[in-house]
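Residue-level structure breakdown
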Amino acid sequence: MDSHPPGVTDFVHIGLVVEDLDETVRFLSLLGFDCGKPGVFAGEWIDRIIGLENVAVEVVMVRGPDGGDVFEVVRFRSPSAGTQEPAPAANRPGLRHVAFKVDDVRAVVDRVREAGWDTVGEIVDFENVFLLCYVRGPEGLIVELAERLDGAPG
């Protein structure tokens, strides 16, 4: 019998709220994610979960290479969030970036730049184990890319 107290058992997804759903889906697709078709949801059940009234959202589920959901990308049709602040710097408290392994950091960064986005800093070789780089997508989204160099898993 399992003796640990009730708690987290599995990862489900990260909720990502955006103003421009199409542009965010374009960016995530460019990184290699499988983006589903948008669905529209509304109703009292959503209002009750998130504590807002008259909610209507457009949602795209974004899956990783293993087929598991990674992001739930949401654009609120109502209520409006109002004016947005500029994207925060990488050192601002809060959930600031998500990291994923890639097979070729330089190729992904090239694709990102060709599509109009850029890196936050530069590509760095961390102890001949990983090539690491932050890329900034739409609406301030920061994704860390990690390419394993030494051939070991992880």
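**Quick look at the layout of surface pockets**
Left-over empty space is what a probe sized like a water molecule reveals as it rolls over the atoms. Each pocket or cavity is described by its volume, and for the largest pocket that value is around 700 Å³. Lining the largest pocket are 29 residues, with Leu16, Val17, Val18, Gln84 and Glu139 positioned closest to its centre. With four residues, strand E1 (residues 14–17) is the single largest residue contributor to the lining of the largest pocket. There is about 290 Å³ of room inside the second largest pocket. Taken together, Gly15, Val17, Phe41, Trp45, Ile46, Ile49, Ile50, Val57, Val59, Glu72, Val74 and Phe76 make up the lining of the second largest pocket.

**Considering the packing of helix H1 (residues 21–31) against helix H3 (residues 105–114)**
Interhelical geometry of H1 versus H3 gives an angle of 155 degrees and a closest axis separation of 9 Å. Viewed along their axes, H1 and H3 adopt a mutual orientation that is roughly antiparallel. Judged by the sense of rotation from one axis to the other, the crossing of H1 with H3 is right-handed. Along the contact surface, H1 presents Phe27, Leu30 and Leu31, while H3 presents Val108, Arg111 and Val112. Partitioned by chemical class, the residues of the contact of H1 with H3 number five nonpolar, no polar and one charged.

**Looking at H3**
Within the sequence span of H3, burial applies to Val105, Val108, Val109 and Val112. Along the axis of H3, the buried positions cluster into a sector of 100 degrees, meaning they face one direction only. In the core, the buried residues of H3 are packed alongside H1, strand E7 (118–119), strand E9 (130–136) and strand E10 (142–148). At the N-terminal boundary of H3, the capping side chain belongs to Asp104, with an oxygen 3.3 Å from the backbone nitrogen of Arg106.

**Some thoughts on the side chain of Thr119**
Its location among the elements puts Thr119 in strand E7. One polar contact links Thr119 to Arg113, side chain to side chain, over a distance of 3.2 Å. Separated by 2.7 Å, the side chain of Thr119 and the backbone oxygen of Gly121 make a polar contact. What Thr119 contacts, discounting residues up to four positions off in sequence, is Val109, Arg113, Cys133, Tyr134 and Val135.

**Observations concerning H1**
Within the span of H1, buried status applies to Leu21, Thr24, Val25, Phe27, Leu28 and Leu31. The arc enclosing the buried residues of H1, seen along the axis, measures out at 160 degrees, which places them on a common side. With a side-chain oxygen lying 3.3 Å from the backbone nitrogen of Asp22, the N-terminal cap of H1 falls on Asp20.

The rules we used
Sequence positions are assigned chain by chain, starting from 1 and proceeding in written order. Only residues with pLDDT of at least 70 get local features here, since the model is predicted, and only at 80 or more are side-chain atom pairs given and counted; chain-wide, interface and lining totals rely on the full set of residues. Computation of side-chain values covers all heavy atoms of the structure but excludes hydrogens and water. Put plainly, a pocket is an open set of points on a 1 Å grid over the protein atoms alone with protein on both sides within 12 Å along at least five of seven lines, a cavity is a set where a 1.4 Å probe fits but cannot get out, and a lining residue has an atom within 4 Å of a point. Grid points are joined across faces, edges and corners, and a volume is the space filled by probe spheres set on the points. Each helix is a run of DSSP H or I of at least 4 residues and each strand a run of E of at least 2, with the numbering of both proceeding from the N terminus. What counts as an axis is a line fitted to C-alpha atoms, over the stretch in contact for a helix, and the angles between N-to-C directions run from 0 to 180 degrees. Orientation is classified from the angle alone, with under 35 degrees giving roughly parallel, over 145 giving roughly antiparallel, 65 to 115 giving roughly perpendicular, and any other angle giving oblique. Note on convention: the crossing is left-handed when the near helix lies turned anticlockwise from the far helix by less than a right angle, right-handed when the turn is clockwise. Two residues form a contact once any of their heavy atoms are found within 4.5 Å. Three classes are used: nonpolar for Ala, Val, Leu, Ile, Met, Phe, Trp, Tyr, Cys and Pro, charged for Asp, Glu, Lys and Arg, and polar for all others, with Gly counted as polar. Relative accessible area decides the class of each residue, using a 1.4 Å probe on protein chains only: under 20% of the type maximum gives buried, over 50% gives exposed, and in between gives partly exposed. Each C-beta atom gives one direction from the helix axis, and the arc is the one those directions make. Definition of a polar contact: a pair of N or O atoms within 3.5 Å, with one able to donate and the other able to accept a hydrogen when the atoms are protein atoms, and with sequence-neighbouring residues admitted only if both atoms are side-chain atoms.

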